[in-house]
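Per-entry structural report
What follows is each chain in one-letter form.
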Amino acid sequence: MQFGKFFLMKSLLILGAAGFLTAVQAETIPDYGPITTDASAIERPGKIVWMDLVTSDVRAAAKFYRDIFNWQFKFSGNDSYAYATLNGKPVASIAAYDEDVESGEGLWIASISVEDVDAAARRVKNQGGSIIEAPEDLPGRGRYTVIKDPTGAVVMLLRASGGDPQSGGSVNGWLWAELWTDDVDAALRFYEKVAGYRSVTVKDGSGGVYQVMGRDQTPHASVIKTPLPDVEPIWLPYLRVENVDATAKEILKAGGSVIVPPQKDGLNDDVAIVADPTGGVFALQQKEAE
Amino acid sequence: MNFRSLLVCLVTLGLVISTSAFLSACSSSGGYGRSSIHYGVGYGGYYGRPWGYDPVYVGGGIDPDSGADAPVASQLPEMGMPDYGGDMDMGGMDMDMDMGGFDW
């Protein structure tokens, strides 16, 4: 009987320790979450399917996007990761920079859906781009790689395991993506090979032109020559808002910044470029909800 | 404690340790087990400031409605998602599409 009690206590202690270790481990593992919860979702190669913000302060960034855009967050990985939903649907994720990264300024990273991440990564290298993070699986999310195009813009290529979301159309959701680059032709050639895009030329309201990349008769992103000084090539995400002026003012009050305010001349009166308090730059565009 | 109970305890402890080690190994190879997400790696040195300046270029209390006076206003081309039904020019481009433009 004595032996039975001793053995039971010992076993419980061991099991408890194992449980504690498992709990600690689970706490440090981010819950990445799917990019769509639609069970009938299909793959949509070429579509900009997800946005990730990497930043030094996940909590501060999440508070900003919750207060301004009504995103709801689920935190995991000891607050190193936050998974955001809008009206119950996945919209974005916010991740902390790794501890060995010195600069912590926020950066939004767009994800382009591709059929085969590994094959796309090989094409990246063949077409003069570079691999920042080699293809890797994120359980629950899919397979991804982070790359830099030959002009210097960073983007993620993603094959989501649960399919790609349909166009949202929701206010406070993603609307569009725009590539700013110093070499438009080189960028177009690169993304044609890597993401299967074709491009068309669009005349703008001032008589100029810009390029729109798309696939399967669907436009996905525009490409313009970087219009501001001192800005490196970048993929700029656009959020749909109902009132760009009002939203820009709210952003200032919430500790964010307005880099380019809405213009009064009509050409960009529906657009503003802003930043969250952690430095993540994105754009607003005023569009009525679909 | 007799030999039998000692053996059972050691075997149980061994199982716990090996299971934990196995889980740790799996997590490391799959991108798990990090204190933060993997795709922050590599951004510190040359990607941390793609905008070249602190993002307070115009902000800091400026009234967004006064955008026409902003120093960068006149340099910007049309930006953002084009209006549906936009003017598509299929001529004179290197990569003409064969369907006469996107299906807006």
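For the structure itself, look to the data block above.
Notes on the structure in this doc start here. (Residues numbered from 1 in each chain as written. Chains lettered and ligands numbered in written order. Predicted model: local features only at pLDDT ≥ 70, side-chain atom pairs only at ≥ 80, totals over all residues. Heavy atoms only, no water.)

**Some details on the overall build of chain B**
- Per the secondary structure count, chain B includes one helix and one strand.
- For chain B, the residues scored as buried account for 38% of the 104 residues in total.
- Carbon together with sulfur atoms contributes 57% to the accessible area of chain B, which is approximately 5,600 Å² in total. (Helix = DSSP H or I, 4+ residues; strand = E, 2+ residues; numbered from the N terminus. Buried < 20%, exposed > 50% of the residue type's maximum accessible area, 1.4 Å probe, protein only. Areas by Shrake-Rupley, 256 points an atom, 1.4 Å probe, with all protein chains shown as cover.)

**Brief notes about the packing of aromatic side chains**
All names here are of chain A.
- On inspection of all chains with the given rule, the structure shows 17 aromatic pairs over all chains.
- Summarising the aromatic geometry, the rings of Phe64 and Phe69 are spaced 6.4 Å apart at their centres and angled 75 degrees between planes, so their arrangement reads as edge-to-face. Both residues of the pair, Phe64 and Phe69, count as buried.
- Between Tyr65 and Trp71, the aromatic rings sit 5.1 Å apart at their centres with planes inclined by 15 degrees, giving stacked as the arrangement.
- On the accessibility criterion, Trp71 (0% relative accessible area) is buried.
- Through a chain of ring-to-ring contacts, the aromatic side chains of Phe64, Tyr65, Phe69, Trp71, Phe73, Phe75, Trp108, Trp174 and Phe282 assemble into a single cluster.
- Here the basic side chain of Arg59 rests over the ring of Phe75, its NZ or CZ set 3.6 Å away from the ring centre. (Phe/Tyr/Trp six-rings, centres within 6.5 Å; stacked < 30°, edge-to-face > 60°. Lys NZ or Arg CZ within 6 Å of the ring centre and 35° of its normal.)

**Comments concerning the packing of helix α2 (residues 58-69) of chain A against helix α5 (residues 244-253) of chain A**
Residue and element names in this part refer to chain A.
- Put simply, α2 and α5 touch, their axes get as near as 10 Å, and they point 145 degrees apart. Our pair here, α2 against α5, has a crossing hand that is right-handed. On the side of α2, the interface is formed by Phe64, Ile68 and Phe69, while α5 contributes Thr247, Glu250 and Ile251. (Axes fitted to C-alpha atoms, helices over the stretch in contact; angles between N-to-C directions. Left-handed = near helix turned anticlockwise from the far one by under 90°. Contact = heavy atoms within 4.5 Å.)

**Thoughts on the pairing of strand β4 (residues 89-96) of chain A**
All names here are of chain A.
- When you tally the buried positions in β4, you get seven out of eight residues, the bulk of the element.
- With four bridges connecting them, strand β1 (residues 48-55) and β4 associate as parallel partners. Residue Asp52 lies in a different strand from β4, and its bridge partner there is Ser93.
- Here strand β3 (residues 81-86) runs beside β4; their pairing, made up of six bridges, is antiparallel. Note that in β4 the partner of Tyr83 across the bridge is Ser93.
- What sits between the antiparallel neighbours β3 and β4 is a turn of two residues, in which Asn87 has the positive phi angle 55 degrees. (Pairing = 2+ DSSP bridges.)

**Thoughts on the nonpolar core**
Residue and element names in this part refer to chain A.
- The biggest cluster of nonpolar side chains holds 56 residues, and the ones touching the most others in it are Tyr65, Phe69, Trp71, Tyr191, Trp235, Phe282 and Leu284.
- Looking at this core, you find at least three residues from each of domain 1 (3-160) and domain 2 (174-286).
- Among all residues touching Tyr65, those that are not within four sequence positions of it are Leu53, Asn70, Trp71, Phe73, Ile94, Trp108, Asp276, Gly280 and Phe282.
- Among the nonpolar cores identified, the runner-up in size contains 42 residues, and Leu107, Leu175, Trp180 and Tyr238 belong to it. (Core = buried A, V, L, I, M, F, W, Y, C linked by side-chain atoms within 4.5 Å. Domains from an automatic or database assignment.)

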